[in-house]
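Structural overview
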Amino acid sequence: MADDLSFLEEDLTCLVCCDIFTDPVTLQCSHSLCEECLQLLWTTQDVPQCPVCHEECSHNDKPTKSLEFRALCESFKKRKPTAVSGDVCPEHKEALKLFCFEDQQPICVVCYTSKKHENHKCSPLEEAVGNLKGDLKTQMDRLQTTLADLKKDRESRVKQAELIKKHSIITENQIKEEFEKLHQFLTEEEKKQISSLRKKIESQDKKLKARIEKLSKQISDLSERMAAFCQDMEAENISFLQNYSNTIKRLKCPSVPNRTPVLQQYQHHPIQTMIFTTWARMQNLVEQPPVTLDPDTASNKLQVSEDCTCVRYVEMKLRVSDNPERLHGGVLASQGFSSGVHCWDVEVGESNNWTLGVMGEMVSRKKLCKMDPKKRFWCFRNVDGKYKKGTKPVSDIDGNERPNIIRLQLDFDEGELRFIDPFRNSSLCTYSGGFPEKVFPYFCTGDLDTPLSLFPANKQKV
């Protein structure tokens with residue numbers, strides 16, 4: 001019956017308003033529309049047309065009204081079933097009085113007795129609403145707590161972001177200030193070096209000009225005497241003999257200066273020395289040493305200063321904890337390196353007993369490590385005034401020019417460690433061949449009077 005009404009509804013539906021005809025009229029082409037819908041449609045058209053077949057209609061031909069058709073439409077509207085109420089079971093048309101917790105939906109009594117809901121937990125609607133609202137309130141309270149935590153976390157993140165931004169600005173300004181110092185220093189050094197060069201050149205230029213002027217005068221005088229000599233040679237015999245003594249005097253050769261080319265006497269400006277000196281001076285702007293000592297790694301015969309930049313040998317053993325990081329002998333830096341180029345300076349002073357180098361991260365720290373790269377220990381030593389590369393003597397270092405400062409230059413990627421005298425810019429010892437693991441700078445001293453000091457380069461007197 002419902003399907004029949006559905007097909008009938010399609011035949012009684014207006015094409016314009018898509019609803020059951022109201023006051024239907026029929027055109028000459030036999031198509032029907034609501035009278036009001038047709039008049040409204042025609043007001044938008046220059047030539048009246050049927051909206052179904054688009055056949056032109058005359059204004060003189062009025063659409064035909066049918067009382068029977070109208071009555072049929074009205075009757076259909078009355079017989080058309082209305083939607084089932086939400087409080088009624090759509091299947092059994094019974095009031096919804098129970099709630100099925102299994103299917104999460106309200107049901108009627110008939111549904112409850114059916115096989116579909118057999119053994120399902122059910123309860124009256126009011127009771128179910130109370131229980132479910134209680135559960136939802138519990139979940140809502142939990143969500144409120146979560147929401148509050150999220151808001152606190154967001155507020156914390158916002159403050160953290162603001163703090164990071166603030167610190168970033170401060171750090172950026174510090175970077176600009178430090179580089180401005182470097183720029184200013186380099187500009188002043190450039191002016192100073194160029195000024196020094198120009199003064200030297202000006203002094204040499206004055207000396208050369210004076211010499212050139214003197215030579216020009218000598219050349220002119222000698223040319224005049226040679227011309228007079230030529231005239232004496234052409235004179236008569238008696239006249240020639242009478243003036244012979246004067247002619248001999250004219251022929252006396254003036255002293256000739258050193259003929260060594262001036263260009264060979266010119267001493268080129270020591271560019272490399274100047275650059276190194278400037279670089280060393282520029283380090284005076286640095287306030288912190290590039291590496292610092294780690295007191296937790298110092299052996300019980302070494303005392304590390306509070307600022308972790310100096311280590312001293314002590315006669316009596318210190319009371320220190322035997323932690324895993326502590327060395328049997330020596331002390332490591334806090335900073336380890338596994339890539340890049342790094343450089344640090346150590347003041348050894350007049351000490352005759354010290355060891356410097358780098359040690360592998362995995363080296364056993366509870367026993368003396370063999371001073372060999374194969375054992376992941378690369379070092380340079382002074383033992384009683386004699387220099388050694390590990391255990392092998394180094395003979396090509398002038399004992400009269402012993403360095404007070406040792407510069408260690410580590411190029412991890414290239415696998416090279418150099419020990420340098422920074423003031424003479426000379427290499428003392430070099431290791432090559434690579435590093436199989438992360439390395440830490442190593443320091444050891446056995447001199448009671450002279451500690452080893454790591455310091456900013458501004459303490460150097462270059």
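Residues numbered from 1 in each chain as written. Predicted model: local features only at pLDDT ≥ 70, side-chain atom pairs only at ≥ 80, totals over all residues. Heavy atoms only, no water.

**Re the pattern of salt bridges**
Once their charged atoms are close, side chains differing in charge can pair, the charge on each being opposite to the other. Quick reminder of the rule: The salt bridge criterion pairs a side-chain nitrogen of Lys or Arg with a carboxyl oxygen of Asp or Glu, the two atoms within 4 Å. Going along the chain from the N terminus, every DSSP run of H or I of four or more residues is numbered as a helix, and every run of E of two or more is numbered as a strand.
Overall, the coordinates contain 13 salt bridges when judged by the stated rule. As a salt-bridge pair, D322 and K366 come within 3.1 Å of each other at their nearest N and O atoms. Taken as a pair, D322 in the loop between β8 (310-313) and β9 (331-332) and K366 in the loop between β11 (353-360) and β12 (377-383) lie far apart in primary sequence, 44 residues in all.

**Here's the deal with the pairing of β12**
The test is simple: Here the term buried applies to any residue with accessible area under 20% of the maximum for its type, exposed to any over 50%, and partly exposed to those in between, with areas from a 1.4 Å probe on protein chains only. Note: two strands are recorded as paired if DSSP finds a minimum of 2 bridges between them.
Within β12, six of the seven residues are buried, leaving the element largely enclosed by the surrounding structure. Bridge count between β12 and strand β13 (residues 386-389): four bridges; the pairing is antiparallel. Across the sheet, the residue bridging to N382 is Y387, located in β13. Where β12 folds back onto β13 in an antiparallel hairpin, the turn is made up of two residues, including D384, whose phi is positive at roughly 55 degrees.

**A short note on the confidence of the model for the protein chain**
When pLDDT is low, close inspection of the predicted coordinates is not appropriate. The cut-off we apply is this: Every residue carries a pLDDT, the predictor's confidence in it, which falls somewhere between 0 and 100. In what follows, residue pairs with any heavy atoms lying within 4.5 Å of each other are defined as contacts.
On average, the protein chain scores 84 in pLDDT, and the residues at 70 or more come to 87%. The weakest mean pLDDT in the protein chain belongs to helix α8 (residues 262-265) at 47; the strongest belongs to strand β18 (residues 439-445) at 97. A low-confidence stretch, residues 262-267 stays under pLDDT 50, and its non-local contacts, those more than four residues away or across chains, total five contacts. This stretch, residues 457-462, has a pLDDT under 50; its non-local contacts, to residues over four places away or in other chains, come to 17 contacts.

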